[in-house]
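Residues per chain are reported as follows:
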Amino acid sequence: NAGVMQNPRHLVRRRGQEARLRCSPMKGHSHVYWYRQLPEEGLKFMVYLQKENIIDESGMPKERFSAEFPKEGPSILRIQQVVRGDSAAYFCASSPGGTPGVDTQYFGPGTRLTVL
Amino acid sequence: GNSVTQMEGPVTLSEEAFLTINCTYTATGYPSLFWYVQYPGEGLQLLLKATKADDKGSNKGFEATYRKETTSFHLEKGSVQVSDSAVYFCALSALGSARQLTFGSGTQLTVLP
């Protein structure tokens, strides 16, 4: 059973460009989460999605960031007009969607975004 | 709000030493508690979890007990190996917080041969 897949693993963008990060959840998982890890820090929650729905985006910056999880295909985290402060590791996790608080999240290997 | 406080790192131990990494939490309701491990350049792997008070999670020689009275979930291992060198994250998921995980800042562990 393949784990959570993320691509690309490394992404370099210049200031002002767009970054698209992809996440394919584990087979049978319908819940996807995105987290950001800044250098030397823990992970911070960004957004929680189910198929075609954003459930909780309380951790997303109000501008330039968006996420989707379409009916077909991977979840996408999109960052428009990137700035140097967006440089971080972005991790996707998925879960099968059991009881809230007990449902276990499994993480992908992350995408390391570098903004020049 | 929910928060997790972890022991400051880095921690350096000799092989076969005893390991404790402290973790305390603040949460509304009764959270589930997790330890994740991150090896260099990789994503997080679930190490162990506990979903109710007095539960003990264990895996690969690591253990942690959910202590509601002290709001703690300390990670322990009796004899560490060089291969245990990694960053360890304590996390919680609280009922009513829409499933998001709240992480501690992580503790870097280095085990020397």
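Every value quoted in this text rests on a predicted model; they were computed, and no experiment measured them.

A. Looking closely at the side chain of B:Gln6. Residue and element names in this part refer to chain B. Examined against the element boundaries, glutamine 6 turns out to sit in strand β1 (residues 3–6). Reaching out from glutamine 6, the side chain makes a polar contact with the backbone oxygen of tyrosine 88 at a distance of 2.8 Å. Contacts of glutamine 6, omitting those with residues within four sequence positions, involve Ile21, Asn22, Trp35, Tyr88, Phe89, Cys90, Gly104, Ser105, Gly106 and Thr107.

B. Highlighting the pattern of salt bridges. Residues and elements named next belong to chain A. Applying the stated criterion to the full structure yields six salt bridges over all chains. The partner of glutamate 18 in a salt bridge is arginine 78, with the nearest N and O atoms 2.8 Å apart. You can see glutamate 18 sitting in the loop between β2 (10–13) and β3 (19–24) and its partner arginine 78 sitting in strand β8 (residues 75–79), a full 60 residues away along the chain. Taking the relative accessible area as the measure of exposure, glutamate 18 reaches 28% and is therefore partly exposed. Sharing partners across several salt bridges, the network here consists of Glu18, Arg20 and Arg78.

C. Region of the structure containing the environment of B:Leu46. Mapped onto the secondary structure, B:Leu46 falls in strand β6 (residues 44–50). Take B:Leu46: its relative accessible area is 27%, and that puts it in the partly exposed class. Sequence separation between B:Leu46 and B:Asn59 is 13 residues; the distance between their C-alpha atoms is 9.6 Å. In contact with B:Leu46, other than residues within four places in its own chain, are A:Thr104, B:Phe34, B:Trp35, B:Tyr36 and B:Asn59.

D. Up close: the packing of aromatic side chains. Applying the stated criterion to the full structure yields eleven aromatic pairs over all chains. Connected via pairs of aromatic rings, a cluster forms that spans A:Tyr35, A:Phe45, A:Phe107, B:Phe34, B:Tyr36, B:Phe89 and B:Phe103.

Definitions and limits used
Residues numbered from 1 in each chain as written. Chains lettered and ligands numbered in written order. Predicted model: local features only at pLDDT ≥ 70, side-chain atom pairs only at ≥ 80, totals over all residues. Heavy atoms only, no water. Helix = DSSP H or I, 4+ residues; strand = E, 2+ residues; numbered from the N terminus. Polar contact = N/O pair within 3.5 Å; in protein donor to acceptor, adjacent residues only side chain to side chain. Contact = heavy atoms within 4.5 Å. Salt bridge = Lys/Arg side-chain N within 4 Å of Asp/Glu carboxyl O. Buried < 20%, exposed > 50% of the residue type's maximum accessible area, 1.4 Å probe, protein only. Phe/Tyr/Trp six-rings, centres within 6.5 Å; stacked < 30°, edge-to-face > 60°.

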